[in-house]
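Observations on the model geometry
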Amino acid sequence: MLSSLAVFLSNTVYAAGCLLRTIPIVPSQNSQICKTLIRMNSKEARGNNPKPAVRDMQHLTNSDSIGGWEKCWEQGLTPWDLGRPTPIILHLHHTRSLPKGRALVPGCGSGHDVVAIACPERYVVGLDISENAIKKATDLSSSSPNAKYLTFLKADFFAWHPTEMFDLIFDYTFFCAIEPSMRSAWGRKIRDILKSDGELITLMFPFGDHVGGPPYKTSIADYEEVLHPLGFRATSIVDNELAIEPRKGREKLGRWRLSKSSL
């Protein structure tokens, strides 16, 4: 079967679903090239053929950009939810590497990250458009010893007007969840509600070449395209070494501040 596949592919090479070029393949190369192409096709299939839960979530959110998220929570279609705090934000908290003051987690979902970093030195607001998400977050956090240092609000991030600005904004699986056409509005909102000496932390995900979403693919350039015109500059961008296994190699931790020249 492999030999037949080699003959079929002997004149044409495909990668990522696109015709690249025509090459001759000598018999001795057949086996190795076919193995390489199979690996490429397998990688492509993983990127462009999401798991059933992700596919169902995409169907709901693409058919209704606001109500779809509510339906996801109603039906338990929340494949982005780890069910626990994000390891890297927990690490930053434990190593005292996060700003103190007021913090915001937009698209907080079930609120694990909000609870994880709330403390006497940091009051954290979790924001989500889904009433069911906020209810779950509120229920989960009610027994936390730091419950008095956090709150959850149901609101549309883009239409919300907080009464106080923030020292820290942590974004994970929010930037990638919104339509790419909304990313500029995301950046403007971040700028408007972050203190001039505050910090934006972005756990950038997912890196890759898949089509469609959510989650929509991201890159460092995508963030820079949005944030640089607003005066933000990255103080560091590193691989997320604490990413959960399925996301290893697909996440980077970015830390951003407004440049002095933009103030």
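Notes on the structure in this doc start here. All values derive from a computational prediction rather than experimental measurement.

**Thoughts on helix α8 (residues 183–193)**
- Residues R183, W186, G187, K189, I190 and I193 constitute the buried set of α8. The buried residues of α8 occupy an angular sector of 165° when the element is viewed end-on, so they sit on one face.
- Next to the buried residues of α8 lie β3 (101–106), β6 (166–172), β7 (194–204), α9 (220–227) and β8 (232–239).

**Section: the pattern of salt bridges**
- The final tally for this structure, using the stated rule, is 8 salt bridges.
- D167 is the salt-bridge partner of K195, the closest N and O atoms lying 3.2 Å from each other. With K195 in strand β7 and D167 in strand β6, this residue pair connects regions lying 28 residues apart in the sequence.
- The class for K195 is partly exposed, based on a relative accessible area of 30%.
- D167 sits in the buried class, given a relative accessible area of 14%.

**Digging into the nonpolar core**
- Residues L104, F157, W160, I169, W186, L200 and F232 are the most contacted members of the largest nonpolar core, which totals 25 residues.
- Every element with two or more residues in this core is listed here: β4 (122–128), β6, α8, β7, α9 and β9 (252–258).
- Discounting chain neighbours no more than four positions away, the residues touching F232 are I190, R191, L194, L227, W256, R257 and L258.

**A closer look at α9**
- Regarding α9, the residues found buried are Y223, V226 and L227. Along the axis of α9, the buried residues cluster in a sector spanning 85°; they form a single face.

How each quantity is defined
Residues numbered from 1 in each chain as written. Predicted model: local features only at pLDDT ≥ 70, side-chain atom pairs only at ≥ 80, totals over all residues. Heavy atoms only, no water. Buried < 20%, exposed > 50% of the residue type's maximum accessible area, 1.4 Å probe, protein only. Helix = DSSP H or I, 4+ residues; strand = E, 2+ residues; numbered from the N terminus. Arc of directions from axis to C-beta. Contact = heavy atoms within 4.5 Å. Salt bridge = Lys/Arg side-chain N within 4 Å of Asp/Glu carboxyl O. Core = buried A, V, L, I, M, F, W, Y, C linked by side-chain atoms within 4.5 Å.

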